Amino acid sequence: MCDGGEMSLHDKVIFVTGGASGIGRATVNRLAADGAHVVVADMQVELAAEAVAQVTSAGGTAQVCELDVADHGAVAAAVAAIANEHGRLDGAFNNAGIGGPTAKILDIDPAEWARVTAVNLTGVFNCVQAEIAQMITQESGGSIVNTASIGGVVALPRAAAYTAAKHGVVGLTRTAAVEYGSRNIRVNAVCPGFIDTPMFASNAGASDEMRDRVAGVVPMRRIAGPEEIADAVAWMLSDQSSYLTGVAMPVDGGFTAR
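Presented here is an overview of the structure given in this document. Values in this document were obtained by computation on a predicted structure and should not be read as measured data.

### Concerning the packing of aromatic side chains
Part 1: Applying the stated criterion to the full structure yields one aromatic pair.
Part 2: For the ring pair Phe194 and Phe255, a centre distance of 5.3 Å and an interplane angle of 90° mean the geometry is edge-to-face. With a gap of 61 residues between them, Phe194 in the loop between β6 (185-192) and α6 (198-202) and Phe255 in the segment after β7 (248-251) connect regions that are remote in the sequence.
Part 3: The class for Phe194 is partly exposed, based on a relative accessible area of 22%.
Part 4: Looking at Phe255, the relative accessible area reads 10%, which means it is buried.

Here you go:
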């Protein structure tokens, strides 16, 4: 990828949800290294503070925002506070998400379904709505990237709640891109494949044998590091992707191309 200046993220104010760990944490580090001021939003405040400390120790700038993305009012207030403090919101990475029940549809508890969709779909809607409301007030517009998944473009058996929510994120992304492209607001989604994160470790990556089996179904025959998703997100948020909108981009080692 390009260096900080060429990536054109210098001095941009970027909001990252789920920024305390995994893909979010890697993206926080990447954006800050490229010169952005990053607002690290997460329910895990201590981990978010660690992420901010890591950024500042490396010479970057960041701040903590305690946030439950499923709370519509809290999201709106958080985005308003960013705009009040910094005068604008240049970009957002709506990444907060949770895993779902590993079960066939007939065995899913409706409460689990509601919990997964509340965070993974409604949470993204809450963020997108608040972010666009701010960005349409800015002549500069803005760039939004939502975290979908390979589960947003293909079926993942025994993960109906997660898959349905992520398909919804892709639909929301495309609709927002069409509705607000004329306002200089770009909205895209990144669709990660199998990534070495705490969420992956708690599910498919619990054992070396399972990790090898998962890697075996990926054409590139490996599980990606979160930094590889962060690189793609940084480009999507930057001015270098200025004509990219409405895209759900798989970053999956070729999994969805099979």
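### A short note on the sheet that holds strand β5 (residues 142-147)
Part 1: Ordered by their spatial adjacency, seven strands build an open sheet running β3-β2-β1-β4-β5-β6-β7, and the pairing between neighbours is parallel. Each edge of the sheet is formed by a strand with only one pairing partner; in this case those strands are β3 (61-66) and β7. Direction aside, the axes of adjacent strands within the sheet are offset by 20° on average.
Part 2: Judged from the five bridges that link them, strand β1 (residues 13-17) and strand β2 (residues 37-42) form a sheet pairing that is parallel. When the sheet's bridge partners are listed, Val16 is paired in β2 with Val40.

### Some thoughts on the side chain of Gln134
Part 1: As for its position among the elements, Gln134 is in helix α4 (residues 110-135).
Part 2: Judged by its relative accessible area of 15%, Gln134 is buried.
Part 3: For Gln134, the side chain forms a polar contact with the side chain of Gln138, separated by 2.9 Å.

### Notes on unusual backbone geometry
Part 1: Positive phi, normally seen in glycine, also occurs at Asp11, with a value near 70°.
Part 2: Along the polypeptide, Asp11 turns up in the segment before β1.
Part 3: Not every positive phi belongs to a glycine, and Arg158 is a case in point at roughly 65°.
Part 4: Within the fold, Arg158 resides in the loop between β5 and α5 (160-180).

### A closer look at helix α8 (residues 226-237)
Part 1: For α8, with twelve residues, the first-to-last C-alpha span of 17 Å sits near the 16 Å given by 1.5 Å per residue.
Part 2: Pro226, Ile229, Ala230, Ala232, Val233, Ala234, Met236 and Leu237 are the residues of α8 that are buried.
Part 3: Turning to α8, the residues buried within the fold contact β1, α1 (22-33), β4 (91-94), β5, β6 and β7.

### Here's the deal with the pattern of salt bridges
Part 1: Taken as a whole and judged by the stated rule, the model has seven salt bridges.
Part 2: Between Arg88 and Asp90 there is a salt bridge; the shortest N-O distance is 2.8 Å.
Part 3: One salt-bridge network, held together by shared partners, links Arg30, Asp34 and Asp231.

### A short note on α1
Part 1: The end-to-end C-alpha separation of α1 is 17 Å, in line with the 16 Å expected for twelve residues at 1.5 Å each.
Part 2: With respect to burial, α1 is a largely interior element, ten of its twelve residues being buried.
Part 3: Listed in full, the buried residues belonging to α1 are Gly22, Ile23, Gly24, Arg25, Ala26, Thr27, Val28, Arg30, Leu31 and Ala32.
Part 4: Phi turns positive one or two residues past the end of α1, at Gly35, with a value near 100°.

### What about the packing of α4 against α5?
Part 1: The interhelical angle for the contact between α4 and α5, taken along N-to-C directions, is 15°, at an axis separation of 8 Å. One way to sum up the angle between α4 and α5 is to call them roughly parallel. Crossing of α4 against α5: the hand is right-handed. Across the interface between the two elements, Trp113, Val116, Thr117, Asn120, Leu121, Val124, Phe125, Val128 and Ile132 from α4 touch Ala160, Ala161, Tyr162, Ala164, Ala165, Lys166, Gly168, Val169, Leu172, Ala176 and Tyr180 from α5.
Part 2: Residue composition of the contact of α4 with α5, by class: 16 nonpolar, three polar and one charged.

### A closer look at the pairing of β3
In the case of a regular strand, side chains alternate between the two sheet surfaces.
Part 1: Pairing of β2 with β3 involves six bridges; the strand directions are parallel. Bridge pairing in β3 places His37 opposite Thr61.

Cut-offs applied
- Residue numbers restart at each chain and count upward from 1, following the sequence in its written direction.
- Restriction of local features to residues with pLDDT of at least 70 applies here, the model being predicted, together with a cutoff of 80 or more for giving and counting side-chain atom pairs; totals for whole chains, interfaces and linings are based on all residues.
- To obtain the side-chain values, all non-hydrogen atoms of the structure were included, while hydrogens and water were left out.
- To pair, rings of Phe, Tyr and Trp, with the six-membered ring standing in for Trp, must have centres within 6.5 Å; the planes then decide the type, stacked if under 30 degrees apart, edge-to-face if over 60, and tilted in the middle.
- What counts as a helix is a DSSP run of H or I of at least four residues, what counts as a strand is a run of E of at least two, and both are numbered from the N terminus.
- The classification of residues rests on relative accessible area computed with a 1.4 Å probe and restricted to protein chains. Under 20% of the type maximum is buried, over 50% is exposed, and intermediate values are partly exposed.
- Strand pairing is assigned whenever DSSP detects at least two bridges linking the two strands.
- Axes here refer to lines fitted to C-alpha atoms; in helices the fit is confined to the stretch in contact. Angles between the N-to-C directions go from 0 to 180 degrees.
- Each polar contact in these results corresponds to two N or O atoms within 3.5 Å; when the atoms are within protein, one needs to be able to donate a hydrogen and the other to accept it, and residues that are neighboring in sequence are counted only if both atoms are side-chain atoms.
- The span you would expect from a helix comes to 1.5 Å times its residue count less one.
- Contacts are assigned to residue pairs that have any heavy atoms within 4.5 Å of one another.
- Salt bridges are identified by distance alone: a Lys or Arg side-chain nitrogen within 4 Å of an Asp or Glu carboxyl oxygen.
- Just so you know how the angles are binned, under 35 degrees is roughly parallel, over 145 roughly antiparallel, 65 to 115 roughly perpendicular, and the rest oblique.
- Each crossing gets its handedness from the near helix: less than a right angle anticlockwise from the far helix is left-handed, clockwise is right-handed.
- Polarity classes work like this: nonpolar for Ala, Val, Leu, Ile, Met, Phe, Trp, Tyr, Cys and Pro, charged for Asp, Glu, Lys and Arg, and polar for all others, with Gly in that last group.

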